[in-house]
Amino acid sequence: GYFFGKQLQNNSAPFRLFQKYFRRLSVVFIIWNVIYAAISDPVILAKGFLNEGVYGGVAKPIAREFLANLNWIKEHLFQFLFGGVSSAHHMWFLPAYMIGLFILTLVISMRREKYLIAFSVLLLVFGLLARSYADAPFGISGFPFNTRNGPFFSTFFISMGWWFSRRGNVIY
C-alpha cells in the first residue's frame, strides 16, 4: 500500500496503476501455481518415479500430479482464487494483496478515502471473529471459506501503508 500510495501522489490514475500491479502479481501467481501443480509433493513424485522405473521417467508422475491439481481447481475454484492450488497454500498473500489493492483503488476512485481505515478495520475484525476467534464465545462460526485470506486481513494492512505514504516524512 505504501508504494502504491507514493505512485498515486505522482498523479497516476488509480485504476491504471492497479492494472499494472495486478498484471505483475497475476503473472507471479500463475507461474508459481503451475509449478506447484506439477510438483506439489516431492515424496509422491519420488514414489511415482520409483514405481514407474527408469523407463517410465519422471514425466508420468508429474503429469498425474498436475492433472489431479487441475481437477482440484475445477472443484474448488473459489479456494484457488483466494489462495492457489492446495499444495501452494502459502501463496495466499498474492491474491489477498490483489484484492486489497482493488478495494483501495475502488475507495480512492469513489473519493471515500476518509472511510477507508474504518472499513478496513471492520473487515479485519470480522476476519478475526470468523476465523481465529470462531470458537470463542464472541466468535462467528460457520463460514464456508477462510476469512484469514482475501480482503479481510489484507485491506487493513494495505490501507495502513497507503495512509503512511500520505503522511510524508514525519517522524515522531
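Everything that follows concerns the structure shown earlier in this document.
Everything numeric here is computed off the predicted structure, so don't read it as measured data.

Q: Help me understand the overall build of the protein, please; the structure alone is not making it clear to me.
A: In terms of regular secondary structure, the protein is built from 8 helices and 0 strands. Traced from its N-terminal end to its C-terminal end, the protein shows the element sequence α-α-α-α-α-α-α-α. Expressed as a percentage of the 172 residues in the protein, the buried residues total 35%. Looking at the protein alone, contacts between residues at least 24 apart form 62% of all its contacts between residues at least 6 apart. Per element, the accessible surface of the protein, about 11000 Å² overall, is 66% carbon and sulfur.

Q: When you look at the packing of aromatic side chains in this model, what are you seeing that I'm missing?
A: When we look at a pair of aromatic rings, we describe it by the centre distance and by the angle of the planes. Going through the model one piece at a time under the given rule, you end up with 7 aromatic pairs. Judged by centre distance (5.5 Å) and plane angle (55 degrees), the ring pair of Phe18 and Phe102 falls under tilted. In this pair, Phe18 is assigned in helix α2 (residues 14-38) and Phe102 in helix α6 (residues 93-109), connecting sequence segments 84 residues apart. Its relative accessible area of 10% is what places Phe18 among the buried residues. Through pairs of rings, three or more aromatic residues link up here, namely Phe18, Phe22 and Phe102.

Q: Just to check I follow, could you spell out α6 for this structure?
A: Counting along an α-helix, one turn takes 3.6 residues, and residues three or four places apart therefore face a common direction. If you check α6, its first and last C-alpha atoms are 24 Å apart, about what 17 residues at 1.5 Å a residue would give, namely 24 Å. The complete set of buried residues in α6 reads Leu94, Pro95, Ala96, Met98, Gly100, Leu101, Ile103, Leu104, Thr105, Val107 and Ile108. Where α6 is buried, its residues touch α1 (2-8), α2, α5 (77-83), α7 (116-132) and α8 (151-167). Of the residues one or two after α6, Arg111 is the one with positive phi, at around 60 degrees.

Q: Hey, could you run me through the packing of α7 against α8 in this one?
A: Each pair of packed helices can be described by the angle between their axes along with the distance between the axes. Contact geometry of α7 with α8 gives a least axis separation of 7 Å together with a crossing angle of 150 degrees. When the axis of α7 is compared with that of α8, the two are roughly antiparallel. In this structure, the crossing between α7 and α8 has a hand that is left-handed. Touching Leu116, Ile117, Ser120, Val121, Leu123, Leu124, Phe126, Gly127 and Leu128 of α7 are Pro151, Phe152, Phe153, Thr155, Phe156, Ser159, Met160, Trp162 and Trp163, all from α8. Per-class residue counts for the contact of α7 with α8 are 14 nonpolar, 4 polar and no charged.

Q: Explanation requested: the nonpolar core in the structure shown.
A: Side chains of a nonpolar character, in soluble globular proteins, are inclined to be buried together. Grouped together as the largest cluster of nonpolar side chains are 26 residues, with contacts concentrated most on Phe4, Leu8, Leu101, Leu104 and Trp162. Of all the secondary structure elements, the ones that give two or more residues to this core are α1, α2, α4 (59-75), α6, α7 and α8. With 7 residues, the top contributor of residues to this core is α6. For Trp162, the contacting residues outside a window of four places in its chain are Gly1, Tyr2, Gly5, Leu8, Leu104, Ile108, Glu113 and Leu116.

Q: How do you make sense of unusual backbone geometry when you look at a structure like this?
A: Most of the time, phi is negative for any residue but glycine, and the peptide bond is trans. In the Ramachandran plot, Asn11 falls in the positive-phi region, its phi being about 65 degrees despite a non-glycine side chain. Relative to the assigned elements, Asn11 resides in the loop between α1 and α2. Its relative accessible area of 73% is what places Asn11 among the exposed residues. Despite not being glycine, Arg111 shows a phi value in the positive range, around 60 degrees. Mapped onto the fold, Arg111 is located in the loop between α6 and α7.

Cut-offs used in this document
Residues numbered from 1 in each chain as written. Predicted model: local features only at pLDDT ≥ 70, side-chain atom pairs only at ≥ 80, totals over all residues. Heavy atoms only, no water. Helix = DSSP H or I, 4+ residues; strand = E, 2+ residues; numbered from the N terminus. Buried < 20%, exposed > 50% of the residue type's maximum accessible area, 1.4 Å probe, protein only. Contact = heavy atoms within 4.5 Å. Areas by Shrake-Rupley, 256 points an atom, 1.4 Å probe, with all protein chains shown as cover. Phe/Tyr/Trp six-rings, centres within 6.5 Å; stacked < 30°, edge-to-face > 60°. Expected span 1.5 Å × (residues − 1). Axes fitted to C-alpha atoms, helices over the stretch in contact; angles between N-to-C directions. Parallel < 35°, antiparallel > 145°, perpendicular 65-115°, else oblique. Left-handed = near helix turned anticlockwise from the far one by under 90°. Nonpolar A, V, L, I, M, F, W, Y, C, P; charged D, E, K, R; others polar. Core = buried A, V, L, I, M, F, W, Y, C linked by side-chain atoms within 4.5 Å.

Purely geometric numbers; function is a separate question.
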